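# Examining the three-dimensional arrangement
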Amino acid sequence: MTIRALSIIACTALALPLTALAAGAADRDAILVGYARQAKAADSGFTTFSAQRGEALYRNQWGSGDVRTPSCVSCHTADPRQIGRNAKTGRLIEPAAVSSNPQRYTDTATVDKHFARDCKSVIGRDCTPLERGDYITFMQGQ
Ligand code: HEC
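Residues numbered from 1 in each chain as written. Predicted model: local features only at pLDDT ≥ 70, side-chain atom pairs only at ≥ 80, totals over all residues. Heavy atoms only, no water.

Along helix α2 (residues 51-59), the positions that sit buried rather than exposed are Gly 54, Leu 57 and Tyr 58. For α2, the buried positions fall inside an angular range of 100° around the axis, keeping them on one side. Its buried side turned inward, α2 meets α3 (73-76), α4 (108-123) and α5 (129-140). Measuring from the side-chain oxygen of the N-cap residue of α2 to the backbone nitrogen of Gln 52 gives 3.3 Å; that N-cap residue is Ser 50. (Buried < 20%, exposed > 50% of the residue type's maximum accessible area, 1.4 Å probe, protein only. Helix = DSSP H or I, 4+ residues; strand = E, 2+ residues; numbered from the N terminus. Arc of directions from axis to C-beta. Contact = heavy atoms within 4.5 Å. Polar contact = N/O pair within 3.5 Å; in protein donor to acceptor, adjacent residues only side chain to side chain.)

Structural data, given as structure tokens:
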């Protein structure tokens, strides 16, 4: 193989993950824009999502849902950059933090499904658009 062919292969290998990262971020931004629109519709005083509120939601011991899962931490662990473990099934869960898992929060159907299911399990109700946006904003900084 020539040096030229090798360098083309090397460049392609480098470019692909960068494109995937960019697409992931754009999809996540679009999901956040959607939640912001809903949050504004629910409360005209809404201005912006808060990583701090998202972290509080994540770490709070709710005690209003399933006894096995008082907190998001119960499955996604205290450090969301780490691999989690499902408190109900024992199965491993890929990290929730975007830095460890850039594909997180990029597919609307997946995001909606898990917020509905996991918030019900932990809090005993679905998360609001404000809570969803806060949570993703927190995870983006992790
Ligand atoms: C019973 C264990 C469990 C608890 C508790 C839990 N989750 Fe999850 N969560 C999962 C599993 C399993 C997945 C899907 C597997 C995966 O995405 O790796 C997931 C995925 C998600 C996703 C989708 C991620 C994506 O890639 O788009 C969101 C959003 C989410 N969880 C939010 C929450 C929030 C918010 C809480 C706390 C209110 C919470 N989870 C608590 C188990 C849990």
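After presenting the structure, the write-up continues.
Only His 76 (NE2) and Asp 118 (OD) from the protein reach the iron atom of the ligand as donors, at distances of 1.9 to 2.1 Å. Coordination at the iron atom of the ligand is octahedral: its six donor atoms span angles of 85 to 178° at the metal. Of this pair, His 76 sits in helix α3 while Asp 118 sits in helix α4, and the two are 42 residues apart along the sequence. For His 76, a relative accessible area of 16% gives the class buried. (Donors = N, O, S within 2.8 Å, 3.2 Å for Na, K, Ca; no water. Tetrahedral: all angles 85-135°; square planar, octahedral: opposite > 155°, others 65-115°.)

What follows is about the site of the ligand. Contacts to the ligand come from 18 residues, most closely from Cys 72, Cys 75, His 76, Arg 104 and Asp 118. Backbone polar atom of Tyr 105 to an oxygen atom of the ligand: 3.2 Å apart, as the coordinates give it. For the shell around the ligand, the secondary-structure elements that each account for two or more residues are α3 and α4. Looking at which element gives the most residues to the shell around the ligand, the answer is α4, with seven residues. Tallied by class, residues from the shell around the ligand come to eight nonpolar, six polar and four charged. (Near = heavy atom within 4 Å. Nonpolar A, V, L, I, M, F, W, Y, C, P; charged D, E, K, R; others polar.)

Ranked by size, the top nonpolar core spans 22 residues in total, and within it Tyr 35, Tyr 105, Val 111, Phe 115, Tyr 135, Ile 136 and Met 139 carry the most contacts. Listing elements by their share of this core, those giving two or more residues are α1 (3-42), α2, α4 and α5. Setting aside residues up to four positions removed in sequence, Tyr 135 forms contacts with Gly 54, Leu 57, Tyr 58, Cys 72, His 76, Ala 96, Tyr 105 and Phe 115. (Core = buried A, V, L, I, M, F, W, Y, C linked by side-chain atoms within 4.5 Å.)

Under the definition given, this model contains nine salt bridges. A salt bridge links Asp 66 to Arg 68, with the nearest nitrogen and oxygen atoms 2.9 Å apart. In this structure, Arg 132 engages Asp 126 in a salt bridge whose closest nitrogen and oxygen atoms are separated by 2.9 Å. Given a relative accessible area of 8%, Arg 132 falls into the buried group. Overall, the relative accessible area of 37% leaves Asp 126 in the partly exposed class. By sharing partners, the salt bridges in this structure join Asp 66, Arg 68 and Lys 88 into a single network. (Salt bridge = Lys/Arg side-chain N within 4 Å of Asp/Glu carboxyl O.)

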